[in-house]
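A structural walkthrough
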Amino acid sequence: MSLKSNMLCCTILATLSFANVAPAFAQTAPAPTPPEAAKEAEVVIVVGTRIEGAKAAGDLPVSVLTAERIAAVGSVSGDDLFRSIPQAGDVQFQESRTTGNLNDARGDNSSINLRSVGTGNTLVLLNGRRMILTPGTQTENFVPVQTANTNSLPVGAISRIEVLRDGAAAIYGADAVAGVVNVVLDRRYKGVRADLRHAFADGTEESTASIKSGFETPGGGRLMLFGSYTHRTPLMASEREFSASEDHRAALFGTPWAGDTSFDNRSTSSPWGSFTVIPASTIVRQGTTALTASGVFHVEPTNNFAAGCSSTVINGNLCLRSGTITGANSRVLRYDENPDRSIRGGLDRATVFGTFSQDIGSMEFFSELGYYHAELEGKREQSAPISSAVISIPASNFYNPFGATTINGVANPNRLANLTGVPTTGLALRITTYRPVDAGPRTFVVTDDMVRGLAGLRGDWHDFKWESAVTYSWARTNDETRNVISNTLFQQALAKSTPDAYNPFNGGTQPTYSFGDATPSNADTIKSFLVNANRIGTTSLATIDFKASKAELFKLPAGSVGFAGGVEVRKETYQDNRDSRLDGKITYTDVVSGITYGTDIMGASPAPDVKADRTVSALFGELSVPVVSEEMGVLLIKSIDLQLAARGESYSDFGDVVKPKIAGSWVIVDAIKLRSSWSQSYRAPNLAQFYSAGTQVANTRTDFAACRLNNTTCTGVSTLEVRAGNQKLKPEDAETFSYGLVFQPIKGLTFTIDSWSLKSDGVIGIQGAQNQILYDLLLRQSGKSNPNVVRLAPVGTQVVGDLSFVQDDYFNLGPRTLEGIDIGLSYDLKTEKYGNFSLDLAGSKLTEFQQSASPLQQELIDANAAGKFGTGVTITQAGSQIQVNGNPEWRATANLTWRKGPISVGALVSYVGPVFDTGTLLVDGQNYQLESMTTVNTYVQYRKDGYRARFGARNAFDQKPPLSSSNYGFLGSLHDAIGRMFYLELSKDF
């Protein structure tokens with residue numbers, strides 16, 4: 001336990017601790033409900049304590065989004081809803097990501113990331129019990145992470161959302177590092193309500209129909225049913241000015257970043273292909289003019305290029321030029337992928353949820369049954385060959401400019417004349433950069449299904465309130481990509497010696513060089529190599545629990561001690577079943593080199609299937625302890641109360657974990673309350689991080705060990721990196737400390753301010769291939785080597801052999817520290833003449849976010865500073881993460897509502913602070929800064945005689961997201977590209 005922790009414990013036990021209370025919008029009153037849909041009173045158990053009816057439930061740092069606050073968001077999307085929470089961090093599970101493709105959690109998936117601690121560090125509960133993790137994984141910190149899918153929640157059936165902004169592993173178990181989100185459904189609704197909603201923005205529309213009913217069954221039971229269906233049309237990138245092209249440089253005119261090519265994301269893999277002769281040492285000339293540089297040449301148009309051609313004209317308006325298309329003169333030949341992309345896919349989503357309860361003697365039976373189904377269809381550009389699965393073009397290709405002198409018994413019409421360095425049998429070529437755009441874009445269709453069932457009993461026994469339940473959840477994602485290319489079939493089309501061979505040498509479109517391919521190859525040939533590929537993931541979660549609580553276990557001088565305790569067993573399963581062309585069952589063998597690769601899908605890295613499970617057993621206990629009461633007459637102390645909790649969990653695969661929590665409240669006078677808490681939490685390694693066999697990733701790295709020791713020039717080389725699970729991983733441990741103040745000077749006005757800190761240790765990540773290579777160099781200087789850097793045997797004069805691959809298993813990194821301040825203000829004013837006003841303000845400031853180096857990284861940093869690596873070596877140091885990587889310093893919301901009679905008017909203002917774009921050039925030592933963004937959602941509503949009509953607008957002032965250097969030109973993890981969206985809702989209560 002740290003020094004800070006010991007000091008806090010002593011402080012609390014000395015009764016100098018503080019209280020945790022809800023922030024501003026926790027005070028918002030719910031909207032009035034018509035008599036036809038009146039709700040029965042029910043016991044409200046706020047997230048953060050297991051003691052039913054305990055005083056501690058009102059002293060915890062819980063933000064509550066009421067039904068009215070949820071409605072002010074103006075959306076049926078769980079993603080939009082959770083983004084409106086000021087303490088929410090960036091959202092990595094979202095559609096504007098363009099990396100990963102089949103390796104990403106695509107489809108109707110969205111995540112929650114409180115405090116920017118990272119996806120998977122927020123525990124999401126539905127009606128107080130853990131939600132299942134979505135089968136899809138997303139890469140963060142270079143490792144796969146999982147999340148509860150917030151889009152699977154039945155938004156129209158939610159009564160409230162409770163956000164515990166504090167570590168809570170002692171109460172709820174793993175993953176409650178940044179906090180806990182509890183989604184509470186409206187289980188006591190009475191009546192029938194039908195809703196219709198239509199929303200539209202430029203380029204896209206969305207329609208939703210839903211029905212909710214609640215009634216008593218003949219046996220005295222209570223049944224609530226909810227169903228909704230949403231249909232959404234796609235939004236293409238071409239529909240927005242900032243995303244219509246990947247080249248965003250025109251928007252930077254007049255700024256210090258004008259001309260910064262990091263804002264031009266057009267791909268060098270384009271229809272204007274670059275190729276390498278085999279062997280690469282061959283120098284090809286036409287006459288006396290060299291056509292290759294280091295064996296490389298590319299195809300380009302004969303006009304509009306100042307550097308001119310290297311070869312004679314081919315096909316009337318094309319020529320060959322030495323080198324690749326990476327230079328400034330060739331930038332126009334890069335391919336613009338955005339016209340082929342959707343920002344948001346077309347979506348069909350259906351959600352059905354029901355709850356039922358029935359008194360059985362002195363007990364109550366309760367149950368839940370829910371089903372979620374979504375199908376999302378989106379578009380992506382056609383893929384390109386990757387360096388980890390090289391595709392060679394045989395000399396037999398009919399269009400090969402370096403082909404044989406004769407083909408099919410006649411003179412080769414496509415071999416360039418007057419060649420030297422090319423044998424009469426021709427030369428095979430290797431694709432360096434090329435994209436078969438004429439095959440058309442890819443379509444991905446992602447189908448998500450999720451089922452949740454629960455059955456339980458609750459009752460009273462000797463003043464103990466007890467509850468036990470069994471839950472089972474199952475989720476399945478089928479991510480199918482259509483119109484993808486088989487490497488094997490593509491190479492067969494390249495090998496043809498007839499005019500129906502695939503032609504990669506015919507360039508693209510002129511004069512709009514970056515768009516499309518106006519010279520497609522034979523349609524039947526293209527069709528011959530197109531296939532579909534899918535990835536099917538499943539997860540399941542089964543739990544059985546028993547818990548009991550008693551608000552008055554025994555008495556102390558200051559009052560009654562409350563108790564809660566219980567046991568829980570849960571089993572989690574995870575399966576990732578990839579297409580046979582991805583998992584190694586169907587491989588690709590290059591016919592020229594004879595090398596076999598583990599993937600047969602163009603542009604995809606091979607990844608084996610994963611199947612894993614674990615069982616977790618838990619025991620937990622909690623005490624609510626009054627220390628001082630008002631009746632004791634202590635000066636400046638009206639009351640002091642403590643919450644003490646601990647939980648132990650035993651994992652079937654990596655061991656045991658025990659975590660404590662201490663929290664307290666000190667009420668000085670009625671208007672002033674102080675609070676404090678200390679807790680330890682953890683995030684267990686997910687099953688993908690623990691058991692995945694390895695994913696191959698190809699990137700350009702500099703092999704400093706080889707070039708320094710072999711005394712050759714240090715240049716970037718394509719490096720195969722194998723990232724794999726690690727069954728030696730430990731949990732990410734965290735320690736959270738907070739203290740704050742609540743001030744209520746007058747009736748209806750509440751002000752809160754909280755300071756918090758979170759220190760994590762053992763964050764799961766990778767060392768990185770470049771660091772592994774540098775570590776190999778450092779060890780070789782003392783006669784050793786890095787076993788994770790696998791090399792070929794030295795050839796000739798080599799001291800160190802070439803790289804084969806780098807093994808980079810997931811491991812526990814160094815510590816990470818976050819600190820911040822939460823501020824809230826709420827005011828409710830009720831007047832007979834002017835109506836009722838409610839104002840809720842909430843803001844969150846990130847004051848520190850420091851990622852420390854791992855021991856190996858620190859060793860490399862020290863060695864580099866000592867000059868052991870020579871010149872030109874830079875080691876990335878994490879350092880402060882505030883305003884970088886999607887972590888704004890400030891986020892805030894303001895919710896204002898006015899109600900009088902049947903009319904309501906509301907506005908929700910959301911502010912996201914500026915962040916730096918770390919992918920851009922440094923100007924005066926600073927990266928390009930994305931400006932802050934403020935959006936306003938507003939609505940007007942009329943309700944009478946069971947009818948309700950609401951007209952509203954999201955992003956009413958049509959604010960554009962700030963420009964970033966990303967492919968789409970905006971940062972989708974923070975900002976929305978939809979723009980102004982109007983909506984109309986009509987509902988009827990029966």
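Whatever comes next refers back to the structure up there.
The structure reproduced in this document is the subject of the present report. (Residues numbered from 1 in each chain as written. Predicted model: local features only at pLDDT ≥ 70, side-chain atom pairs only at ≥ 80, totals over all residues. Heavy atoms only, no water.)

Turning to its location among the elements, Arg-614 is positioned in strand S31 (residues 610-628). Taking relative accessible area as the criterion, Arg-614 reaches 2% and is therefore assigned buried. With residues near it in sequence (within four places) discarded, Arg-614 still touches Arg-570, Lys-571, Glu-572, Tyr-651, Ser-652, Asp-653, Phe-654, Ala-684, Pro-685, Asn-686, Leu-687 and Phe-690. In this structure the side chain of Arg-614 is engaged in a polar contact, spanning 2.9 Å, whose partner is the side chain of Asp-653. (Helix = DSSP H or I, 4+ residues; strand = E, 2+ residues; numbered from the N terminus. Buried < 20%, exposed > 50% of the residue type's maximum accessible area, 1.4 Å probe, protein only. Contact = heavy atoms within 4.5 Å. Polar contact = N/O pair within 3.5 Å; in protein donor to acceptor, adjacent residues only side chain to side chain.)

What follows deals with unusual backbone geometry. Of note, the bond from Ile-278 into Pro-279 is cis; its omega dihedral lies within 30 degrees of zero at 0°. In this model, Gln-510 is joined to Pro-511 through a cis peptide bond whose omega is 0°. Counting through the fold element by element, Pro-511 comes out in the loop between helix H5 (487-494) and helix H6 (523-528). A positive phi angle, close to 55°, is found at Ser-294, a residue other than glycine.

Pairing is mixed in the open sheet, where five strands are placed in the order S1-S6-S7-S2-S3. Bordering the open sheet on either side are strand S1 (62-66) and strand S3 (129-130), each of which pairs with just one other strand. Bridge count for strand S2 (residues 122-126) against strand S7 (residues 179-185) is five bridges, and the pairing is parallel. Looking across to S7, one finds that Leu-125 is bridged to Asn-182. (Pairing = 2+ DSSP bridges.)

With that settled, the discussion passes to the packing of helix H9 (residues 769-780) against helix H10 (residues 855-865). A pair of packed helices can be characterised by two numbers: the angle between their axes and the separation between those axes. It is the contact of H9 with H10, at a shortest axis distance of 10 Å, that shows an interaxial angle of 60°. Looking at the two axes, H9 sits oblique to H10. When the axes of H9 and H10 are compared, the crossing they make is left-handed. Only Leu-856, Gln-857, Glu-859, Leu-860 and Ala-863 of H10 make contact with H9, whose side of the interface consists of Asn-771, Leu-774, Tyr-775 and Leu-778. (Axes fitted to C-alpha atoms, helices over the stretch in contact; angles between N-to-C directions. Parallel < 35°, antiparallel > 145°, perpendicular 65-115°, else oblique. Left-handed = near helix turned anticlockwise from the far one by under 90°.)

Note on placement: Asn-487 falls in helix H5. C-alpha separation for the pair Asn-487 and Asp-524, spaced 37 residues apart in sequence, amounts to 17 Å. Setting aside residues no more than four positions away along its own chain, Asn-487 makes contact with Ala-389, Ile-391, Tyr-588, Thr-599, Asp-600, Ile-601 and Met-602.

What follows is about the state of the cysteines. For the structure on display, the rule yields two disulfides. For Cys-309, the disulfide goes to Cys-319, at an S-S distance of 2.0 Å. Because the sign of the S-S torsion sets the handedness, a value of about -70° for the bond joining Cys-309 and Cys-319 places this disulfide among the left-handed ones. With Cys-309 in the loop between strand S15 (296-301) and strand S16 (318-322) and Cys-319 in strand S16, this residue pair connects regions lying ten residues apart in the sequence. Bridging Cys-707 to Cys-714, the disulfide has an S-S length of 1.9 Å. Between Cys-707 and Cys-714, the S-S torsion sits near 85°, and that sign places the bridge as right-handed. (Disulfide = S-S within 2.5 Å.)

It is worth spelling out H5 at this point. Of all the positions in H5, only Asn-487, Phe-490, Gln-491, Ala-493 and Leu-494 are classed as buried. Along the axis of H5, the buried positions cluster into a sector of 155°, meaning they face one direction only. At its buried positions, H5 is contacted by strand S20 (392-393), strand S24 (429-433), strand S26 (464-485), H6 and strand S29 (588-589). (Arc of directions from axis to C-beta.)

A few words now on the sheet that holds strand S13 (residues 285-286). Overall, antiparallel pairing links the three strands, which are arranged S14-S13-S23 in an open sheet. Two strands lie at the open edges of the sheet, namely strand S14 (289-290) and strand S23 (419-420), each paired on one side alone. Pairing geometry for S13 and S14, over two bridges, is antiparallel. Each residue of the ladder has a partner; that of Arg-285, found in S14, is Ala-290.

On to the side chain of Asn-927. Take Asn-927: it is sitting in the loop between strand S48 (915-917) and strand S49 (928-930). Given the relative accessible area of 15%, Asn-927 is considered buried. Within the structure, Asn-927 has its side chain in polar contact with the backbone oxygen of Thr-920 (distance 2.8 Å).

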